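# Survey of secondary and tertiary structure
Given next are the chains, with one letter for each unit.
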Amino acid sequence: MNLGSKVAGEGAGTMSITIPTLLAGGIKPVQSLTSVMADAPMAEDAMAEQVGALCWRLHKGRVQVLLVTSRDTGRWVLPKGWPMAGKTAEGAAAREAWEEAGVEGLAQAQPIGRYCYDKIRPNAVPLLCCVDVFPLRVRRLKSDFPEHKQRRRKWFSAVEAASLVAEAELATMLMQVHDAPERLTAAALLDKGHQPAS
């Protein structure tokens, strides 16, 4: 009598495992692991990568951070979104800053940090998203931008911004900016020209 599991391929990238069970008449296969897992999210849905922009300026010698409201709940967030074909990660972050906040500026090539959150989706399980955050020194704010009718934007101190965002890792990142603003980029902090509009 073979008590082992039966494994059979079912197309590219999938596998069915038959799990035996003990019944009065002997051991019989009762259920495929594929059917058990049918309603679970696929492995590639376990985590999604996003990019975000930490939009900042110097105001009276102190760093201020630009937050926008989310379209669904109205809570304060960083501009963020999905990576874009043909753009670097920092380029995609800068594009999101333009679309969501009307920001013009140059994003740094290296992220300042990373935070994760659960993206709520209608008729689906929440999706874990991890966001690489790129500092972007704001040179100009435009009043006419793609999502200007869907969001509000406002400047905050890094401490205020940390108290307003829902994600603990992002709040920690903002407090680190408050404690060590040179993390944004030492060269950019030395360049005090071209302050953005309020």
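Residues numbered from 1 in each chain as written. Predicted model: local features only at pLDDT ≥ 70, side-chain atom pairs only at ≥ 80, totals over all residues. Heavy atoms only, no water.

On to the overall build of the protein, then. If you tally the helices and strands in the protein, you get five helices and eleven strands. The buried share among the 198 residues of the protein stands at 38%. Intrachain contacts of the protein at a sequence separation of at least 6 include 63% that bridge at least 24 residues. Only carbon and sulfur atoms are counted for the fraction: they give 54% of the accessible area of the protein, which is about 11600 Å². (Helix = DSSP H or I, 4+ residues; strand = E, 2+ residues; numbered from the N terminus. Buried < 20%, exposed > 50% of the residue type's maximum accessible area, 1.4 Å probe, protein only. Contact = heavy atoms within 4.5 Å. Areas by Shrake-Rupley, 256 points an atom, 1.4 Å probe, with all protein chains shown as cover.)

If you check helix H4 (residues 168–179), its first and last C-alpha atoms are 16 Å apart, about what twelve residues at 1.5 Å a residue would give, namely 16 Å. Along H4, the positions that sit buried rather than exposed are Leu 170, Ala 171, Met 173, Leu 174 and Val 177. Buried residues in H4, looked at end-on, bunch into an arc of 160°, giving them a common side. Opposite the buried face of H4, by more than 90 degrees, sit the exposed residues Ala 168 and Asp 179. The inward-facing, buried residues of H4 contact strand S4 (48–59), strand S5 (62–69), strand S9 (113–119), strand S10 (127–141) and helix H3 (158–164). (Expected span 1.5 Å × (residues − 1). Arc of directions from axis to C-beta.)

Taking 1.5 Å as the rise per residue, helix H2 (residues 89–101) with 13 residues should run 18 Å; its terminal C-alpha atoms sit 18 Å apart, in good agreement. Among the residues of H2, Glu 90, Ala 92, Ala 93, Ala 94, Glu 96, Ala 97, Glu 99, Glu 100 and Ala 101 are the ones counted as buried. Residues of H2 that are buried in the fold lie against S4, S5, strand S7 (80–81), strand S8 (103–107), S10 and strand S11 (153–157). Count one or two residues on from H2 and you reach Gly 102, which has phi positive near 70°.

One covalent bond between the sulfur atoms of two cysteine residues makes up a disulfide. Going through the model one piece at a time under the given rule, you end up with one disulfide. A sulfur-sulfur separation of 2.0 Å characterises the disulfide bridge that pairs Cys 116 with Cys 130. What sets the handedness of the Cys 116 and Cys 130 disulfide is the S-S torsion sign, and at about 105° it is right-handed. In this pair, Cys 116 sits in strand S9 while Cys 130 sits in strand S10, placing the two residues 14 residues apart along the sequence. Judged by its relative accessible area of 26%, Cys 116 is partly exposed. You can see Cys 129 has no disulfide; the closest cysteine sulfur is in Cys 130, sitting 7.7 Å from it. Using a relative accessible area of 0% as the deciding quantity, one classes Cys 129 as buried. (Disulfide = S-S within 2.5 Å.)

Moving on: the nonpolar core. In terms of nonpolar packing, the biggest core is built from 27 residues, with Leu 54, Val 65, Leu 67, Tyr 115, Val 133 and Leu 174 touching the most fellow members. Among the elements of the structure, S4, S5, S9, S10, H3 and H4 are those that each provide at least two residues to this core. Of all the elements, H4 adds the most residues to this core, at five residues. In this view, Tyr 115 contacts Leu 78, Lys 80, Cys 129, Cys 130, Val 131, Val 133, Glu 167, Glu 169, Leu 170 and Met 173; residues no more than four positions away in its chain are not counted. (Core = buried A, V, L, I, M, F, W, Y, C linked by side-chain atoms within 4.5 Å.)

One non-glycine residue with positive phi stands out, namely Lys 60, at about 55°. Relative to the elements of secondary structure, Lys 60 occurs in the loop between S4 and S5. Under the relative-accessibility criterion, Lys 60 is labelled exposed at 78%. Even without a glycine there, the phi angle at Asn 123 is positive, about 60°. As for its position among the elements, Asn 123 is in the loop between S9 and S10.

Any functional reading would require information that these geometric values do not contain.
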